[in-house]
Amino acid sequence: MTPSSSEILDRIITVKNLKNDAGLARYLKVRPAIISNWRTRGTIPYDMLFSICEQDGFTLDFIISGRGPIYFGDSVGVMGDAPSRGGVAGVEERAKAYAPGNDEFVYISQVTGRISAGKGRIPENSVDVKIAFRREWIKRKGRPENMVLIKVDGDSMEPSLMSGDLVLIDRNRDFIDPQGGIYALALEDIIMIKRVQILTDRVKILSDNPKYEAFDVPSDRIKVNGKVIWFARELER
């Protein structure tokens, strides 16, 4: 059963030892009316949940479901306990019952920095946070151990991808499909997100934003770092 937005918000209040929605609003740096709106509409921006995980080291599946490890690298924790950043001592035995549920998820690393949908830049390689995906879904896409998450920077792929979107790149797909698609490309050591098409002996690089002109380069100048297979977008910026 999918948790409601109120259940997720209440879980954040509990794990952060906050008193009420007003305290939650201060923690999230939003107006109290926004919290009320999330509860009423039944939706929460996923980018906000990702930010909480990045900021405090929570696992996404715990924030959403209340099960599994509370923090990355910690013992398994469950709601109702008061965890500390160093671990969840004292609840490990009670939490073991929830451990099998962890098999439902695969954790994909989100690397620090952004990948450009513009002129291009080289993202940092350090891991920022790990985000949980349903194992059944991710296995249908490829080998999760060779996938990575990173945020988009720039407007050249709008409206398909917006600056700030979180994209999942399948690095197993280090080739361009005959039908093309959106890929992470390295051109002269600069990594960018672009739509590509295969020509005879060249690769056509396109931006979905019409203000950017398409261009093509010899195939041997392009290194394919992976294909974009999923994205997440903050609904309120």
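Here the structure is shown first, and the text comes after it.
Presented here is an overview of the structure given in this document. Remember, predicted model here, so these are calculated numbers, not experimental data. (Residues numbered from 1 in each chain as written. Predicted model: local features only at pLDDT ≥ 70, side-chain atom pairs only at ≥ 80, totals over all residues. Heavy atoms only, no water.)

**A look at the overall build of the protein**
Per the secondary structure count, the protein includes 7 helices and 9 strands. Sorting the 237 residues of the protein into buried and exposed places 46% on the buried side. When the accessible area of the protein is evaluated, it comes to approximately 12500 Å², of which 49% is carbon and sulfur surface. (Helix = DSSP H or I, 4+ residues; strand = E, 2+ residues; numbered from the N terminus. Buried < 20%, exposed > 50% of the residue type's maximum accessible area, 1.4 Å probe, protein only. Areas by Shrake-Rupley, 256 points an atom, 1.4 Å probe, with all protein chains shown as cover.)

**Structural notes on helix H3 (residues 32-41)**
Of the residues making up H3, those classed as buried are Ile34, Ile35 and Trp38. The arc that holds the buried residues of H3, viewed along the axis, is 105 degrees, so those residues lie on one side. Of the exposed residues in H3, those oriented more than 90 degrees away from the buried face are Pro32 and Thr40. Count one or two residues on from H3 and you reach Gly42, which has phi positive near 75 degrees. (Arc of directions from axis to C-beta.)

**Let's talk about the packing of aromatic side chains**
A full pass over the atoms with the stated rule returns 2 aromatic pairs. Arranged with centres 6.0 Å apart and planes meeting at 15 degrees, the rings of Phe133 and Trp137 form a pair that is stacked. On the numbers, 4.9 Å between centres and 80 degrees between planes, the contact of Phe133 with Trp230 is edge-to-face. Here Phe133 is found in strand E2 (residues 127-134), whereas its partner Trp230 is found in strand E9 (residues 222-232), with 97 residues between them in sequence. (Phe/Tyr/Trp six-rings, centres within 6.5 Å; stacked < 30°, edge-to-face > 60°.)

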